[in-house]
Amino acid sequence: MGYVSAVPPPRNDPAPEPDPASEAEAAESPAGRAGRRSVAVALLCGALGATVVLLASGRVWARGSAAVADGSLPLAADGRAVTGLPAALAIVGLAALVAVFAVRGRGRLLVSGLLALSGLGAALAAVAGAEDREALDAEAARTTADTAAQVMGLSHTVWPYITASGAVLILLAGLLALRYGSGWPAMGGRYERDGSPRTRKPVAVDPDRPEDLWKALDRGEDPTHRPDGD
């Protein structure tokens, strides 16, 4: 009579394969998530802010009239006539926003600072031009051919403040770049994280199959070369 054990034999079932998605989610740190969110927010703020500044700078900032012989002549001045600084700094900020992802290290810090300063300068210039009258005075003098002519009934619109709000968005993008930019990705996806270029594993070529030979030639490979050195 054979021996019977009450202990069940050990099971050799294979261990369940880990889920890559769950591992990536578990390994993802809060700092990494915050960094990716900051990239999206900075890009949105920078692009939207520059668009607002460029569009609002082309709107009428001030209105008035100039006295002429038979009455008065209506005058208007857009933002670029008042000050061209906000639009110019918006273009600089937009270029800096793109350049942030093209540089690393200290260069990224300097470009991020330039981005923030562009937004700050554009905002200050827009607010300073909100009550400006020199542009319309110059237009009145040009229209009436009288160097002493001044604009009458001067009024201002809200477009300078809309321009300033767009500049604040550029400033916010720069501050985000200064705070989180060190962890943002950089251009050049063909390089690994350590900076070395990725190597492509050569595809095995069967010399007895002409189609493999032609494909190797199309890839710029030598079909007669064998990687194993045979």
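Conventions we followed
- Residues numbered from 1 in each chain as written.
- Predicted model: local features only at pLDDT ≥ 70, side-chain atom pairs only at ≥ 80, totals over all residues.
- Heavy atoms only, no water.
- Helix = DSSP H or I, 4+ residues; strand = E, 2+ residues; numbered from the N terminus.
- Buried < 20%, exposed > 50% of the residue type's maximum accessible area, 1.4 Å probe, protein only.
- Areas by Shrake-Rupley, 256 points an atom, 1.4 Å probe, with all protein chains shown as cover.
- Pairing = 2+ DSSP bridges.
- Axes fitted to C-alpha atoms, helices over the stretch in contact; angles between N-to-C directions.
- Parallel < 35°, antiparallel > 145°, perpendicular 65-115°, else oblique.
- Left-handed = near helix turned anticlockwise from the far one by under 90°.
- Contact = heavy atoms within 4.5 Å.
- Nonpolar A, V, L, I, M, F, W, Y, C, P; charged D, E, K, R; others polar.
- Polar contact = N/O pair within 3.5 Å; in protein donor to acceptor, adjacent residues only side chain to side chain.

**Considering the overall build of the chain**
Regarding its fold elements, the chain presents 8 helices and 3 strands. Reading the chain from its N terminus to its C terminus gives the helix and strand order α-α-β-β-α-α-α-α-β-α-α. Relative to its 230 residues, the chain shows a buried fraction of 30%. When the accessible area of the chain is evaluated, it comes to approximately 15300 Å², of which 60% is carbon and sulfur surface.

**A word on the pairing of strand β1 (residues 60–68)**
Successive side chains on a regular strand alternate, one facing one side of the sheet and the next facing the other. Looking at chain direction, β1 and strand β2 (residues 71–78) are connected through 8 bridges and run antiparallel. Paired with Ser65 across the bridge in β2 is Pro74. In textbook terms, the turn of a hairpin is the stretch between consecutive antiparallel strands, and for β1 and β2 this stretch comprises 2 residues. Sheet topology note: the β1/strand β3 (residues 152–156) ladder contains 3 bridges and is antiparallel.

**Concerning the packing of helix α5 (residues 105–128) against helix α7 (residues 159–180)**
Between α5 and α7, the least distance of the axes is 7 Å, while the angle of their chain directions is 165°. Relative to α7, the element α5 is oriented roughly antiparallel. Note that α5 runs across α7; the crossing there is left-handed. Taken together, the residues of α7 that come into contact with α5 (itself represented by Leu109, Ser112, Gly113, Leu115, Ala116, Gly119, Leu120, Ala122, Ala123, Ala126 and Val127) are Pro160, Thr163, Ala164, Ala167, Val168, Ile170, Leu171, Ala173, Gly174, Leu175, Ala177 and Leu178. Here the residues of the contact of α5 with α7 are counted per class, giving 18 nonpolar, 5 polar and no charged.

**Here we look at helix α6 (residues 134–144)**
Listed in full, the buried residues belonging to α6 are Ala135, Leu136, Asp137, Ala140 and Ala141. Looking at the buried residues of α6, the elements they touch are β1, β2, α3 (79–82) and β3. Just downstream of α6 lies Ala145, where phi reads positive at about 60°.

**Side note on the packing of helix α4 (residues 85–99) against α5**
Contact pair α4 / α5: the axes reach a minimum separation of 8 Å and the direction vectors enclose 160°. What the angle tells us is that α4 and α5 run roughly antiparallel. Where α4 crosses over α5, the handedness of that crossing is left-handed. Every residue of α5 that contacts α4 at Leu85, Pro86, Leu89, Val92, Gly93, Ala96, Leu97 and Ala99 is listed here: Val111, Leu114, Leu115, Ser118, Gly121, Ala122, Ala125 and Ala126. Among the residues making up the contact of α4 with α5, the classes are represented as 13 nonpolar, 3 polar and no charged.

**As for the sheet that holds β3**
Spatially, β2-β1-β3 is the arrangement adopted by the 3 strands of the open sheet, whose pairing is antiparallel. Whereas interior strands pair on both sides, the edge strands pair on one side only; in this sheet they are β2 and β3. Across the sheet, the mean angle separating the axes of adjacent strands is 15° when strand polarity is ignored.

**Thoughts on the side chain of Ser57**
Looking at where Ser57 falls in the secondary structure, it is placed in helix α2 (residues 30–57). Note on Ser57: relative accessible area 1%, which makes it buried. A distance of 2.6 Å separates the side chain of Ser57 from the backbone oxygen of Val53, its partner in a polar contact. Excluding anything up to four places from it in sequence, Ser57 contacts Asp78, Gly79, Arg80, Pro86, Ala87 and Thr163.

**A closer look at the environment of Leu55**
By secondary structure assignment, the location of Leu55 is in helix α2. With a relative accessible area of 58%, Leu55 lands in the exposed category. When the C-alpha positions of Leu55 and Thr163 are compared, they lie 8.2 Å apart, and in sequence the two are 108 residues distant.

**Notes on the environment of Leu110**
On the secondary structure map, Leu110 appears in helix α5. By relative accessible area, Leu110 is classed as exposed at 60%. Put simply, Leu110 and Leu178 are 68 residues apart on the chain and 8.8 Å apart in space, counted from C-alpha to C-alpha.

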